[in-house]
Each structure stands twice: as structure tokens, then as C-alpha cells.
Amino acid sequence: MRYFLDTEYDGFGGPLISLALVPEDGGEELYLVLDQQAADLWVERNVMPFLDHVPESLKSPRLSRADAAQALAKWLEHDGAVEIVADWPEDLAHIANLLVTGPGQMQRVAGLVLRFVPLMNFSTAANSVVPHNALHDARALRAHLIGLE
């Protein structure tokens, strides 16, 4: 299954704040929000106020990094052939790093294919129902890429 990824994080190189995976087929979506405060002023103003602007069914309490890693692995376990597509390399770095739980330790997942698709002249945030919300941005990415196919 192909999933479209978006993340929000606390400024350049900062910690993960939220992550969304939206399946190609329109099925069950994953939206995780970590218990992370923003230090970056832009993130505080443009990301944090919109974290809960998602359907009630996807709202959950803020998760520790360990709990978010476990939730991600559990959500992926139903699918043995996972391709994750992102339009920004740091999104892929964040999902890969989330699976690392400690020195020499990781969440057990089947193999993942991480695919970076650079999109010139397209902004997920500019085409999103709720800009800078990982779920809505991932949905915008899915709509755009499927529209190109």
C-alpha cells in the first residue's frame, strides 16, 4: 500500500510534533501528535494552534515519543508492502527516526520503501484545508500526486 506522509516539527532540525499517513485508497488514516512544546516562534504561531483541527475519530491525547513509535509500528503491521511518499526529505527522516527507540533498538516493522518526490511549484500547505496540519497537508499531497498520474 502506498501512503502519503507529512510531518510537523519544531523548526529546522527540531523534534517531531505531529505525523500523518494517508493511504492511497482513502482508507484508515494515521495521525499522531507528540507531547512536544514548540520553541520556534513560527511553529508556535502557525502549527501548534491547528494540531487538533482533525476529525474527532483521529484525535488522541498527546503521545510520548516511545508511545508514538509503538502506535506507528502497530498501525503499519497490517500491511506487509508499505511505500511511504513525501515531498520533503525531512518528513522521511522524521518517520525513520521515530522507529528508532534506543541504541541498537527499533520498532519491529516489515520493510518500508521511503520515496522522496520533489515537487516544484506545489506547496502542500498552500493546497491544504488546514495549512501546516500534518493530516491535511498529507491529504493535499495525496490529491496532488494522484491527480498527476
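The structure this text deals with has already been given above.
Residues numbered from 1 in each chain as written. Predicted model: local features only at pLDDT ≥ 70, side-chain atom pairs only at ≥ 80, totals over all residues. Heavy atoms only, no water.

Colleague: I'd like to hear about the overall build of the chain, residue by residue, with values.
Modeller: Summing up its helical and strand segments, the chain has 4 helices and 7 strands in all. Mapped from its N terminus to its C terminus, the chain presents α and β elements in the order β-β-β-α-α-β-α-β-β-β-α. Taken against the 2.2 N^0.38 rule, which gives 15 Å for 149 residues, the C-alpha radius of gyration of the chain at 14 Å falls within 12% of a compact globule. Overall size of the chain, expressed as C-alpha extent along the three principal axes, is 40 × 40 × 30 Å. (Helix = DSSP H or I, 4+ residues; strand = E, 2+ residues; numbered from the N terminus. Rg over C-alpha atoms; globule rule 2.2 N^0.38 Å.)

Colleague: Describe the pairing of strand β2 (residues 16-23), with residues and values.
Modeller: Across the 8 residues of β2, 8 count as buried, placing the element largely inside the fold. Pairing geometry for strand β1 (residues 2-9) and β2, over 7 bridges, is antiparallel. From the neighbouring strand, Asp6 faces β2, where its bridge partner is Ala20. A loop of 6 residues connects β1 with β2, the two strands running antiparallel in sequence, and Gly11 in this loop sits at a positive phi of about 75°. With 4 bridges connecting them, β2 and strand β3 (residues 30-33) associate as antiparallel partners. Residue pairing in the sheet places Ala20 in a bridge with Tyr31 of β3. Linking β2 back to β3 in an antiparallel pair, the connection comprises 6 residues, with Gly26 at a positive phi of about 80°. (Buried < 20%, exposed > 50% of the residue type's maximum accessible area, 1.4 Å probe, protein only. Pairing = 2+ DSSP bridges.)

Colleague: I'd like to hear about the sheet that holds strand β7 (residues 112-116), residue by residue, with values.
Modeller: Strand order in the open sheet formed by 5 strands is β3-β2-β1-β4-β7, with mixed pairing between adjacent strands. This sheet does not close on itself; its edge strands, each paired only once, are β3 and β7. The mean angle between the axes of side-by-side strands here comes to 20°, regardless of whether they run parallel or antiparallel. As paired elements, β1 and strand β4 (residues 82-86) share 3 bridges and run parallel to each other. When the bridges of β4 are listed, Arg2 appears paired with Glu83. The sheet strands contacting helix α2 (residues 65-76) are β1, β2, β3, β4 and β7, and the helix crosses β3 at an angle near 175°. Most of the contacts of helix α4 (residues 134-148) go to β1, to which it runs at about 140°, and overall it touches β1, β2, β3 and β4. (Axes fitted to C-alpha atoms, helices over the stretch in contact; angles between N-to-C directions. Contact = heavy atoms within 4.5 Å.)

Colleague: Help me get a handle on the packing of α2 against helix α3 (residues 89-98), residues and values and all.
Modeller: Where α2 meets α3, the axes come as close as 9 Å, and the angle between the chain directions of the two elements is 95°. By the angle between their directions, the pair α2 and α3 is classed as roughly perpendicular. Judged by residue contacts, Arg65, Ala68, Ala69 and Leu72 of α2 engage Ile95, Asn97 and Leu98 from α3. Tallied by class, residues from the contact of α2 with α3 come to 5 nonpolar, 1 polar and 1 charged. (Parallel < 35°, antiparallel > 145°, perpendicular 65-115°, else oblique. Nonpolar A, V, L, I, M, F, W, Y, C, P; charged D, E, K, R; others polar.)

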